[in-house]
Amino acid sequence: RGSAGRETQIASDPSFALINPSWSPDGARIAYASVPNPERWTGVGRGALPPSAAIEMIGVDGRGQVALTGGNSIDMMPAWSPSGRMFFVSDRSGVETLWSVDIAPAILAATGEDPWNDVASFDNNANRNQAPVTPFGPGMDSFVSAPTEP
């Protein structure tokens, strides 16, 4: 049996678990959920929940870390779209639903690079002519409601 070697830590935070990694279409960035450690959670047992969780992004070289979401919601499971949006599950509307955010402003803020200057960065350049939006507030859209437990 073979084994992996040369493991490299990309990001860490002693107060948060960094989970649900998702590679960008161009392989240059990783998005993940940042969840507070359990001692900060509310509730007990299976009903325990973190006070919040955010979607963050970082370059595979460990530079350019930036939050894509924030606030008191629990945002998890990021997934990249070829059109330059990040999709994720959030309870920000009161129930878990599917949301998206335009990531171009966050990439620009973290790296100083406009991701749309490199058309090869994403499979589709459809958002290039859209007005810039912030990764908070107006830049977010809610799409799908998830069923809730009875």
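Scroll up for the structure.
Okay, so let's go over this structure. Remember, it's a predicted structure, so these values are computed and weren't measured experimentally.

### A closer look at the overall build of the protein
Phase 1: Scanning the protein from N- to C-terminus turns up one helix and eight strands.
Phase 2: Put simply, the protein shows about 9000 Å² of open surface, and 53% of that area lies on carbon and sulfur atoms.

### Quick notes on the pattern of salt bridges
Phase 1: In this structure the tally under the stated criterion is three salt bridges.
Phase 2: Residue aspartate 61 pairs with arginine 63 through a salt bridge whose shortest N-O separation is 2.8 Å.
Phase 3: For arginine 63, a relative accessible area of 61% puts it in the exposed group.
Phase 4: We note a salt bridge from aspartate 75 to arginine 92, for which the minimum N-O separation is 2.5 Å. Highlighted residues: aspartate 75 in strand S5 (residues 75-80) and arginine 92 in the loop between strand S6 (85-90) and strand S7 (97-102), separated in sequence by 17 residues.
Phase 5: The buried category is assigned to aspartate 75, whose relative accessible area is 0%.

### What to know about the side chain of asparagine 37
Phase 1: Along the chain, asparagine 37 falls in the loop between strand S2 (29-36) and strand S3 (54-59).
Phase 2: With near-sequence residues (within four places) excluded, asparagine 37 lies in contact with Pro14, Ser15, Phe16 and Ala17.

### Quick look at the sheet that holds strand S4 (residues 66-67)
Phase 1: Read across the sheet, four strands follow the order S1-S2-S3-S4 without closing on themselves; strand pairing throughout is antiparallel. The outermost strands of the open sheet, each flanked by one partner alone, are strand S1 (16-23) and S4.

### Considering the nonpolar core
Across soluble globular proteins, you tend to see nonpolar side chains buried next to one another.
Phase 1: One finds Ile55, Met57, Leu68, Trp80, Met86 and Ile103 to be the most contacted residues of the largest nonpolar core, which totals 17 residues.
Phase 2: Elements that contribute at least two residues to this core include exactly S2, S3, S6, S7 and helix H1 (104-111).
Phase 3: Among the elements that make up this core, the one with the highest residue count is S2 (three residues).
Phase 4: With sequence-adjacent residues up to four places away left out, isoleucine 55 is seen in contact with Tyr32, Ala33, Ala67, Leu68, Thr69, Asp75, Met76, Met77, Pro78, Met86 and Phe88.

### With respect to unusual backbone geometry
Leaving glycine out, the prevailing phi sign among residues is negative, and the prevailing peptide bond configuration is trans.
Phase 1: Even without a glycine there, the phi angle at asparagine 20 is positive, about 55°.
Phase 2: The residue asparagine 20 is located in strand S1 in this model.
Phase 3: Here asparagine 20 falls in the partly exposed class, since its relative accessible area comes to 26%.
Phase 4: The phi angle at methionine 77 is positive, at roughly 55°, despite the residue not being glycine.
Phase 5: Within the secondary structure layout, methionine 77 lies in strand S5.

### Looking at H1
Phase 1: Buried within H1 are the following residues: Ala104, Ala106 and Ile107. Projected onto a plane normal to the axis of H1, the buried residues spread over an arc of 160° and lie on a single side.
Phase 2: The inward-facing, buried residues of H1 abut S2, S3, S4 and S7.
Phase 3: Of the residues flanking the end of H1, it is glycine 112, one or two places downstream, whose phi is positive at about 80°.

### A word on the packing of aromatic side chains
Phase 1: Counted by the stated rule, this structure contains zero aromatic pairs.
Phase 2: Geometry around tryptophan 99 places arginine 92 over its ring, the cationic atom sitting 5.3 Å from the centre.

### Digging into the pairing of S6
Phase 1: By the bridge criterion, four bridges tie S5 to S6 in an arrangement that is antiparallel. If you follow aspartate 75 over to S6, its bridge partner there is serine 90.
Phase 2: Here S6 folds back onto S7, and the loop between the two strands holds six residues, one of which, glycine 94, carries a positive phi near 105°.

Thresholds applied
Here the residue index of a chain counts from 1 through its sequence in written order. Local features in a predicted model are, by the rule used here, given only for residues with pLDDT of at least 70; side-chain atom pairs are given and counted only at 80 or more, and totals for whole chains, interfaces and linings are based on all residues. As a rule here, side-chain values cover all heavy atoms of the structure and leave hydrogens and water aside. By definition, any uninterrupted DSSP run of H or I lasting at least four residues is a helix, any uninterrupted run of E lasting at least two residues is a strand, and each is numbered from the N terminus. Note that accessible areas follow from Shrake-Rupley with a 1.4 Å probe, and for residues the cover is restricted to the protein chains shown. For this analysis, a salt bridge means a side-chain nitrogen from Lys or Arg found within 4 Å of a carboxyl oxygen belonging to Asp or Glu. For each residue, the accessible area found with a 1.4 Å probe, counting protein chains only, is set against the maximum for its type, and the residue is called buried under 20%, exposed over 50%, and partly exposed in between. When checking whether two residues touch, look at their non-hydrogen atoms; a contact exists if any pair is within 4.5 Å. Pairing between two strands requires that DSSP report at least two bridges joining them. For this analysis, a nonpolar core means a set of buried residues of the types Ala, Val, Leu, Ile, Met, Phe, Trp, Tyr and Cys, connected via side-chain atoms within 4.5 Å. Picture the helix axis, draw a direction to every C-beta atom, and the arc is the one those directions span. Only Phe, Tyr and Trp rings are paired, with Trp represented by its six-membered ring, and only when their centres lie within 6.5 Å; those with planes under 30 degrees apart are stacked, over 60 edge-to-face, the remainder tilted. Only when the NZ atom of a Lys or the CZ atom of an Arg is both within 6 Å of the ring centre and within 35 degrees of the ring normal do we say a charge sits over the ring.

By themselves, these are just geometric observations and shouldn't be taken as functional.
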